[in-house]
Amino acid sequence: MAEVPKKLTIPPEEYICSGHLACQGCGAALAMRYALKALGPNTVYTVPACCWSVIDGPFPYTTLGVPLFHIAFEAAAASACGLAAGLEMMGKKGVNVVAWGGDGGTADIGIQSLSGAAERNDNILYICYDNEAYMNTGVQRSSSTPWGAWTTTTPARHFKNRPKKNVVDIMVAHQIPYVATAAMAFPEDLVAKVAKAKDIEGTKYIQILASCPPGWRMAPEYSVKSVRLAVNTRMWPLLEVDRGVYKINRKPRKYTPVAEYLKLQGRFAHLTEEQVQEIQEMVDANWDRLLFLEKSTHEMAGLPLKGEKAAAPKGKGSEAAAG
Amino acid sequence: MTEKIEIRGACDMPPMAKSLGRMSWNLTGSWRNVTPVIDYEKCTICMLCWKFCPDLAITCTEPPQIILDYCKGCGVCAEECPANCIDMKEGL
Amino acid sequence: MKQVLTGNHAVSHAARVGRAQVVSAYPITPQTQVVEKISEFVADGIMDAKFIKVESEHSAMVACIGASAAGARAFTATSAQGLALMHEVLHWAANARLPIVLANINRAMAPPWTIWTDQIDSLSQRDTGWMQFYAESNQDVFDSILISFKVAEQVLLPAMVVLEAFFLSHTTEPVDFPEQEEADHFLPPRVATHTVDPEHPAAFGGLTGPDHYYELKYMEHNAMLEAKDVIERTAQEYGDVTGRYYKMADPYRCEDADTVLVVSGGVASTVKDAVDEARAAGKKLGSLKIWTFRPFPRGEVRELLLGRKKVAVVDRNISFGQEGIFCTEVKASLYGQDGAPPVSGFIAGLGGRDVKVRDLLAVAEAAEKDDCPEFNWYGVKP
């Protein structure tokens, strides 16, 4: 009766085990599961303080089937750089060195270390699983918390009233070879991006939107649905930036209104209709900005947009982008 | 599934906090309040439930089966199933 | 082979001869020449290492931690603010039991800004689990670094070698190097255990409860105790190769000394002139250099100081409201022992104020007085 299915859209091999300590419906657990399918066993992880510091399990146990080197909160990228250099000096070839951190350790306390690594273009893959707050310490606000969200440090009367920090563009500004967004509701896309990134030399950055049912004040069964909506409402566009050239991977034909996404989550329950409309406008404006970036960076590189003919390259970097 | 590791003291420990085994001894099935039940008459073996389980508590088989030892009862499989054939039942 | 080198370049050469494989460092006065020279060695291909030009000292230590965890021999250098910035992860390096070696140019802490020497920066790291070697000369700097690599890799604790800003870092002295082959024989490649290795996956540093954390600290403490024997043995070995023998507590003309000056760092060099002058004038003065602050040579200090008439500890540092830090350690070593001498502590030389021969003689004279206070702030202008 039980056979291995013939048609799977993601690799069947698993590099985490059951028994880990993630909450019910944890998006970060799914993100990790998918990323490791793309990376395979010749991989080492370094993880700063974040949910995964705990999910992996206490000493003397681990959940991952690859080495996990825990490191201080602000230091994931530097740790990865050191590991990469050390492994090379030890003669270990082709090991995927991955820094895996939450939004806190990436966008806030860890941004210096990340910026340093990216500026040097050190050969590491930095993956941020973004659940949009300091979830591990009890849902305090991070710079990645979206405008309008409740957190314990931005209670409803003083909700987070600054836009979500755009780490993707910060990383693009470092002129690294590959920057991408992903979401654990789109496993095939996530796996493909991690698989692509691991074979690129230099610093690669992928930010994965990962739901957090307790932190988003949401029923755990909506873990995947909510993030699918984040993408389909264009709150979290799936895109890649290949050597500075923007490409939006998923352009929904019909734009789902953001209200559909927001209403699933208690962290947005206090918003008025006007505030929801403000969010819609922010999302629309950001989408237009991305479309513009996609068009202009393609033009600069002399690359055709899908459905258009190629034009002569306009600026430097066209060779690199075309290559 | 693996066994819990007994550590009597320093004699059983490496010099630093380095893991000695996996977390699979931890039967997270005890966390459940509701349990998924698959109606195999309706199941199309699309494998979305296996794909979306954060706890690897669904077997990668035709058809998929819930691993009750580990299933935390999050309900993602039931929510995502396109054939609507998974029910989250109480008291199981 | 002898070269005339500044302390900083002695550090660079030691890292090269010691075959450091990964160096990650951030510049800070007065350490900059250390890393500039190492950069040159790596760029010229005469040092087979990766030099990660990190963006801060915290990242410098973290990168060393990553590299060392992968099994490579890792090295860095810093000073004052930089060492302080690393503090969080100095704990990390020691608790992760990684044999990293660091050269610290002792520089006083800001504010106000200062680039001159005292020992507060390194002594503030006393409890991080790092071994600490206080060098009295550029030769000592070079030798201590080679010895440190070997000891660290055996006991699995990191080590810092400290040298005074400007008095050693920028002053040229002759340094005798062993030939590379000799050095390789003394210090073979690191045989790393418990490394981050895809072929042997494990998690390192995961959440540990009260049930097990306590025993990890117990093992770390024991490693520091073991380090005493390993340092002695390794220093002996090094002496057999080079002719230069180092002692954790190194006496100078103490055999029949009534008064002993306990010193560390560059002052341990200056004090020998003071002792010679005093001896020439008929005084029974001796000096004791503390080479290793951690592990502290408690037994040797007892042996060498019990029964003396007077002991004066000269500290180029201060623990505010208490006394000099070496003084506290010396007193702790003598506590409750038969024949424990009266100990007077003297603060001197903070922020780079010079400690001259005549200052040390004045300290010795003051210490000999019956009414010498327990604590003295030498030469302060109130």
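Calculation criteria
Residue numbers here run from 1 along each chain, matching the order of that chain's written sequence. Numbering of ligands from 1 and lettering of chains from A proceed in the order in which they are written. Selection of residues for local features in this predicted model requires a pLDDT of at least 70, selection of side-chain atom pairs for listing and counting requires 80 or more, and totals for whole chains, interfaces and linings are taken over all residues. With hydrogens and water excluded, all non-hydrogen atoms of the structure serve as input to the side-chain values. How sure the predictor is of each residue is captured by pLDDT, a score from 0 to 100. A contact between two residues is defined here by any heavy atoms of the two lying within 4.5 Å. The buried area of a pairing is the accessible area, by a 1.4 Å probe, that goes missing from both parts when the two are put together, added over both. Think of a salt bridge as a Lys or Arg side-chain nitrogen and an Asp or Glu carboxyl oxygen that are within 4 Å of each other. Whenever two N or O atoms come within 3.5 Å, that pair is a polar contact, provided that in protein one can donate a hydrogen and the other can accept it, and provided that, for residues adjacent in sequence, both atoms are side-chain atoms. In this classification, the charged set is Asp, Glu, Lys and Arg, the nonpolar set is Ala, Val, Leu, Ile, Met, Phe, Trp, Tyr, Cys and Pro, and all remaining amino acids, among them Gly, are polar. The secondary structure listing takes helices from DSSP runs of H or I that are at least 4 residues long and strands from runs of E that are at least 2 residues long, numbered from the N terminus. By this rule, a helix spans an expected 1.5 Å times one less than how many residues it contains. Strands are labelled as partners when DSSP assigns at least two bridges between them. Helix axes are fitted only over the stretch in contact, all axes being lines through C-alpha atoms; the angle between N-to-C directions runs from 0 to 180 degrees. Patch definition: residues with relative accessible area over 30% and no salt bridge; like charges joined within 9 Å; nonpolar side chains (Val, Leu, Ile, Met, Phe, Trp, Tyr) joined within 5 Å. Method for areas: the Shrake-Rupley scheme with a 1.4 Å probe, in which residue coverage is limited to the protein chains shown. Here is the rule for angles: anything less than 35 degrees is roughly parallel, anything more than 145 is roughly antiparallel, 65 through 115 is roughly perpendicular, and the remaining ranges are oblique. Crossing chirality is assigned from the near helix's rotation relative to the far helix, an anticlockwise turn below a right angle marking it left-handed and a clockwise turn marking it right-handed.

(A) Molecular detail of the confidence of the model for chain A. The predicted model of chain A averages 94 in pLDDT, with 93% of residues at 70 or higher. Across residues 316–323 of chain A the pLDDT falls below 50, and counting only partners more than four positions away or on other chains, this stretch makes nine contacts in the model.

(B) Region of interest: the interface of chain B and chain C. Contacts between the two partners involve ten residues from chain B, matched on the other side by 16 residues from chain C. Approximately 1200 Å² of surface area, both sides summed, lies buried where chain B meets chain C, with 71% of it carried by carbon and sulfur atoms. Counting the surface chain B buries against chain C, the share from its top three residues, Pro15(B), Met16(B) and Ala17(B), is 47%. Remark: the boundary between chain B and chain C carries zero salt bridges. There are three residue pairs in polar contact (both at pLDDT 80 or more) connecting chain B and chain C. The residue makeup of the side of chain B that touches chain C, split by class, is seven nonpolar, two polar and one charged.

(C) Helix α9 (residues 267–280) of chain C, seen in detail. All names here are of chain C. In this model α9 runs 20 Å from its N-terminal to its C-terminal C-alpha over 14 residues, within 8% of the 20 Å that 1.5 Å per residue would give. Elements that come into contact with the buried residues of α9 comprise β7 (159–164), β10 (249–252), β11 (259–263), β12 (285–290) and α12 (357–368). Positive backbone phi, approximately 90°, marks glycine 282, located one or two places after α9.

(D) Just the sheet that holds strand β15 (residues 343–347) of chain C, in detail. All names here are of chain C. The strand order β10-β12-β11-β14-β15-β16 describes an open sheet built from six strands, whose pairing is mixed. On the outer flanks of this sheet lie β10 and β16 (375–377), each paired with one strand and no other. Sheet twist, expressed as the average angle between the axes of neighbouring strands with direction ignored, equals 20°. Along the sheet, helix α10 (residues 298–305) makes contact with β10, β11, β12 and β14 (310–315), crossing β12 at roughly 180°.

(E) Expanded view of a nonpolar patch on the surface. Residues Phe375(C), Trp377(C) and Val380(C) make up a contiguous nonpolar surface patch of about 260 Å² in total accessible area. Positionally, Val380(C) belongs in the segment after β16.

(F) Main features of the environment of Ala197(A). If you trace the backbone, Ala197(A) turns up in helix α7 (residues 187–198). Among residues more than four places away in sequence, those in contact with Ala197(A) are Leu125(A), Tyr178(A), Lys204(A) and Ile206(A).

(G) The arrangement of the interface of chain A and chain B in detail. Residue-level contacts link 50 residues of chain A with 38 residues of chain B. A buried area of about 3500 Å², summed over both sides, lies between chain A and chain B, and 61% of it is on carbon and sulfur atoms. The three residues of chain A that bury the most area against chain B are Ser18(A), Phe59(A) and Tyr61(A), which together make up 21% of that side's buried surface. The salt bridge involving Arg228(A) is made with Glu80(B); its shortest N-O contact spans 2.4 Å. Listing elements by their share of the side of chain A that touches chain B, those giving two or more residues are α1 (27–39), β2 (61–62), α7 and α9 (223–232) of chain A. When grouped by side-chain class, the residues that make up the side of chain A that touches chain B number 29 nonpolar, eleven polar and ten charged.

(H) Molecular detail of the packing of helix α6 (residues 138–155) of chain C against helix α8 (residues 210–242) of chain C. Residue and element names in this part refer to chain C. Running from amino to carboxyl end, α6 crosses α8 at an angle of 135°, the nearest separation of the two axes being 9 Å. As judged from the angle between their axes, α6 and α8 are oblique. Regarding α6 and α8, the two cross each other, and that crossing is right-handed. Along the contact surface, α6 presents Phe142, Asp143, Leu146, Ile147, Lys150, Val151, Gln154 and Val155, while α8 presents Ala223, Glu226, Ala227, Val230, Ile231, Arg233, Thr234, Ala235, Glu237 and Tyr238. The class makeup of the residues in the contact of α6 with α8 is eleven nonpolar, two polar and five charged.

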